[in-house]
Amino acid sequence: MTIKFVMNTEEASKKFKQNLAGLQGRMDRAITATTNMIASMILEQVKSDIEQAGFSNRWTDTIGVDVQPGSLGNMRVSLTGGDPALALFETGGVIHGDPLLWIPISGTDAMKTRARDYAGGLFSAKYPRKYGPPLLFAISDKLPRYFGVESVTIPKIFHINDIVRSVMGNFRAIFDAEFRGGA
């Protein structure tokens, strides 16, 4: 006894190609939606992290995301803008003066103003270093406004890289939900 099995691959091939064409469109839409959602989540969480660290809107208003969707291996989400010092607060580091950094004294009108931009002018008093750091005084009332230091160590304050890794860890779940018809 002989069993004969015949399969028409031409018809199966046409249906398979049609199914793949439909999947490509769904996949492209899911990648775009996932990319946009990931970008939005990263932006929201990074801005929140910076604000929770006590920084003002000046630090967050210029931050954005650049989304360049593409195929799964080609998508790009980039954090853009922001103050260049963001990187220092992300990693921590040392800032050196040239020769000194002038730090505003808390509770004075010098807060949020660089010494070179202080209205009304400043003067320094020459005295031996053993009495503490050098000071800059306001001409108007002769009270100290700034003290000088050679360097300042900035601790890691922001968690931008951790946020990006955490959000990207959800990529597959978000993509799967979008591919199956939206979350």
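Structural data are supplied above this passage.
Residues numbered from 1 in each chain as written. Predicted model: local features only at pLDDT ≥ 70, side-chain atom pairs only at ≥ 80, totals over all residues. Heavy atoms only, no water.

Asker: Got a sec to walk through the nonpolar core? Specific residues and values, please.
Answerer: Residues I50 and F158 are the most contacted members of the largest nonpolar core, which totals 20 residues. Elements that contribute at least two residues to this core include exactly helix 1 (9-52), helix 3 (86-91), helix 4 (160-168) and helix 5 (171-179). Looking at this core element by element, the count peaks at seven residues for helix 1. Once residues within four sequence positions are removed from consideration, I50 is found in contact with F55, W59, T60, I63, L86 and F158. Among the nonpolar cores identified, the runner-up in size contains six residues, and A110, Y118, A138 and Y146 belong to it. (Core = buried A, V, L, I, M, F, W, Y, C linked by side-chain atoms within 4.5 Å. Buried < 20%, exposed > 50% of the residue type's maximum accessible area, 1.4 Å probe, protein only. Helix = DSSP H or I, 4+ residues; strand = E, 2+ residues; numbered from the N terminus. Contact = heavy atoms within 4.5 Å.)

Asker: Let's hear about the pairing of strand 6 (residues 144-154): which residues, and what values?
Answerer: Taken together, the eight bridges between strand 3 (residues 93-104) and strand 6 define a ladder with antiparallel strand orientation. Residue G93 lies in a different strand from strand 6, and its bridge partner there is I154. Adjacent in sequence and paired antiparallel, strand 5 (residues 135-138) and strand 6 are bridged by five residues, among which K142 carries a positive phi angle near 65°. (Pairing = 2+ DSSP bridges.)

Asker: Pulling in residues and values, what's your account of the layout of surface pockets?
Answerer: Taken as a whole, the largest pocket spans an internal volume of roughly 1100 Å³. What lines the largest pocket is a set of 25 residues, and nearest its centre among them are R58, W102, I103, P104 and R114. Looking at the lining of the largest pocket residue by residue, the class counts come to 16 nonpolar, three polar and six charged. (1 Å grid on protein atoms, 1.4 Å probe; cavity = no way out; pocket = protein on both sides within 12 Å on 5 of 7 lines; lining within 4 Å. Points joined across faces, edges and corners; volume = space filled by probe spheres on them. Nonpolar A, V, L, I, M, F, W, Y, C, P; charged D, E, K, R; others polar.)

Asker: I'd love a proper account of helix 5, names of residues and values included.
Answerer: Residues of helix 5 that are buried include every one of F171, I174, F175 and E178, and no others. The buried residues of helix 5 occupy one face: seen down the axis, they fall within an arc of 100°. Seen from the open side of helix 5, the exposed residues pointing more than 90 degrees away from its buried face are R172 and A173. Just downstream of helix 5 lies G181, where phi reads positive at about 125°. (Arc of directions from axis to C-beta.)

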